[in-house]
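Each chain, written out:
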Amino acid sequence: MLSKIFVLAAATALTSWAADASHCYSIKDADSKYECLALAQRAKASCYSIRNADRKYRCLALVTGEKSHCCSIREADKKQECLALTGR
């Protein structure tokens, strides 16, 4: 239960941090940059630019709010985290 609270708090912080997309362009890691842009702009098109499949599906789930994207995540812990984040 405590880990779910931590995950939700982290997601909230990430979303509020990404609220202004201008800083996303200074991120050197491409997957992180596209995830930042997707969350800041609520644009799933940016999620499709993410190369890491698990991160792409997590991004899509967060942007669209559709839990079904979480089911495509291979790593069990990340899948559960995704389900917890979209279970609001």
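Residues numbered from 1 in each chain as written. Predicted model: local features only at pLDDT ≥ 70, side-chain atom pairs only at ≥ 80, totals over all residues. Heavy atoms only, no water.

Working note: a packed helix pair is described by the angle between its axes plus the distance between those axes. The contact between helix α2 (residues 30–41) and helix α4 (residues 53–64) brings their axes to 10 Å, and the two run at 10 degrees. Classified by the interaxial angle, the pair formed by α2 and α4 is roughly parallel. Of the residues in α4, those touching α2 at D31, S32, E35, A38 and L39 are R55, R58, C59, L62 and V63. Counted by class, the contact of α2 with α4 contains 5 nonpolar, 1 polar and 4 charged residues. (Axes fitted to C-alpha atoms, helices over the stretch in contact; angles between N-to-C directions. Helix = DSSP H or I, 4+ residues; strand = E, 2+ residues; numbered from the N terminus. Parallel < 35°, antiparallel > 145°, perpendicular 65-115°, else oblique. Contact = heavy atoms within 4.5 Å. Nonpolar A, V, L, I, M, F, W, Y, C, P; charged D, E, K, R; others polar.)

All right, on to the state of the cysteines then. For the structure shown, the criterion picks out 3 disulfides. Here C24 pairs with C36 through a disulfide, and the sulfurs are 2.0 Å apart. One disulfide, between C24 and C36, carries an S-S torsion of -65 degrees and so falls in the left-handed class. Separated by 12 residues along the polypeptide, C24 in the loop between α1 (2–17) and α2 and C36 in helix α2 bring together distant segments of the chain. Judged by relative accessible area, which is 0%, C24 ranks as buried. Owing to a relative accessible area of 4%, C36 belongs among the buried residues under this scheme. (Disulfide = S-S within 2.5 Å. Buried < 20%, exposed > 50% of the residue type's maximum accessible area, 1.4 Å probe, protein only.)

In short, geometric facts, not functional conclusions.
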